[in-house]
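Tertiary structure, described
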Amino acid sequence: MDFLVHAIMLVLGSIISICIYLIPGHHGSRLVRGIQESRIILRNSDLKSRAEPNGRLVTAFGINNAFTTTHPEYHKSFVRQAKELIRINDDEWSTFAMTAANIVDHDLTSLRYDPNIEALPLVNFVQSLVFRIVIVKFFPGSGIPSAEDTYSGEGPLKLLTDKEELLRKLHSVIHPHTQERRSTQVSGEDNPLNWILPAYETLWRVVLHCFLEVRFRAIPPDSHIYRTTIEHFFAQPCQLTFDTLLSPAGVTVKNIVDESLRLYPPTRRINRQLPLEEVAIDIEYLHRDANTWGIDTLRFLPARWSMKRFTKDGYMPFGMGSFECPAKNKFGPMMIGVLVGALMGGVGEGLRSSWMGFLGMCLDLVRLRGGERRMLG
């Protein structure tokens, strides 16, 4: 992976961790785990109650988007622009699928024959894929950031304390064909992180966990069904193939994605500042509550969505109410399906995963005789 891309991804991940940790009251917030109370709070939220818990994003990195603003007109404008940006027709979905597949194939091919790399951390690999697709989608003139060199290095961490350096690096990715020295005094509305952070954070964890469930954790018969279903969708990605049963087992790609969003919601907790306290709506708890989902609630079971033996009131991976994520109905779920499809196509039968200490879940790269490298299966 190119050092620049890796640097930015390290920073993005650390930004989120640090900002979540530093948000005032985050650790002292009252947890809300009742469905009805959660829905009432979200339904009655206003801009101020949403923006205050996100204040550290403004302070640390100058972010000014729908999550941080208290100005109604700017909020409306941002959401309207977001809806325009995420509107994709069937031909564009095919293009995104091809782009994602090319990224995966290129990276795996480069890394397999790199004698200096013996293990590929899956988190880094998925983050890289999602980051580049987000850049391509939201900054279409940028092209695809390269991915050539390394998955390691401590140097990028210094960017955590240097907003100006981070913005310079982002500018070089988003505007690769200009030599202009971008001013680092980027106003809030022009900050590229306004768009990158919400999309990137919405996607990468769900894509990672969905891929792991389908490719490595499911028992062989179920894995075969899931993989065949995703492959059929990926060959012709559109709303019809996303929603339609493609196998006798009665599982759709939508079912697979919905189950991934249930077990691994993009936002584990949604914070709101109420008049007398800050609350944290425990989305992860609501999505895993056995009273709603049954005794098999912790099991990855896409078929539960065709059985419909539960109420969806407790299912809110994209929030709800007036601040419901505009990517909920199509863009978010479809993009998850496309990215998982690209990973499934690239990580073939000969590849296996293993846990490698601080690196986390990795794909093992093992040198074989003749100089060839493949993943042992």
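Let me sum up the structure you'll find in this document. (Residues numbered from 1 in each chain as written. Predicted model: local features only at pLDDT ≥ 70, side-chain atom pairs only at ≥ 80, totals over all residues. Heavy atoms only, no water.)

**Looking at the overall build of the chain**
Across its full length, the chain holds 16 helices and eight strands. When each of the 377 residues of the chain is scored for burial, the buried share is 53%. Considering only residue pairs separated by 6 or more positions, the chain has 71% of its internal contacts joining residues 24 or more positions apart. Carbon and sulfur atoms form 53% of the exposed surface of the chain, whose accessible area is close to 17,800 Å². (Helix = DSSP H or I, 4+ residues; strand = E, 2+ residues; numbered from the N terminus. Buried < 20%, exposed > 50% of the residue type's maximum accessible area, 1.4 Å probe, protein only. Contact = heavy atoms within 4.5 Å. Areas by Shrake-Rupley, 256 points an atom, 1.4 Å probe, with all protein chains shown as cover.)

**A look at the side chain of Asp-258**
By the secondary structure assignment, Asp-258 is in helix H12 (residues 253-263). With near-sequence residues (within four places) excluded, Asp-258 lies in contact with Trp-305 and Tyr-315.

**Digging into helix H9 (residues 193-217)**
Taking 1.5 Å per residue as the helical rise, H9 with its 25 residues ought to reach 36 Å, and the 34 Å between its terminal C-alpha atoms agrees with that figure. Tyr-200 marks the point of greatest bend in H9, at about 30°. Summarising burial for H9: 20 of the 25 residues are buried, a large majority. (Expected span 1.5 Å × (residues − 1). Bend = angle between axes of the 7 residues up to and from the residue.)

**Re the packing of aromatic side chains**
Scanning the model with the defined rule gives 14 aromatic pairs in all. Between Trp-293 and Tyr-315 the ring centres are 6.3 Å apart and the planes differ by 75°, which places this aromatic pair in the edge-to-face class. Here the residue Trp-293 occupies a position in helix H14 (residues 290-293), and Tyr-315 occupies one in the loop between helix H15 (304-307) and helix H16 (331-346), the gap between them amounting to 22 residues. The same class applies to Trp-293 and to Tyr-315, which are both buried. A network of ring pairs unites the aromatic residues Tyr-74, Phe-78, Trp-93, Phe-138, Trp-195 and Phe-331 as a single cluster. The lysine or arginine in question, Arg-262, covers the ring of Trp-293, its NZ or CZ lying 5.1 Å from the ring centre. (Phe/Tyr/Trp six-rings, centres within 6.5 Å; stacked < 30°, edge-to-face > 60°. Lys NZ or Arg CZ within 6 Å of the ring centre and 35° of its normal.)

**A few points about the environment of Leu-170**
Relative to the helices and strands, Leu-170 resides in helix H8 (residues 163-174). Taking the relative accessible area as the measure of exposure, Leu-170 reaches 0% and is therefore buried. Sequence separation between Leu-170 and Ile-135 is 35 residues; the distance between their C-alpha atoms is 9.8 Å.

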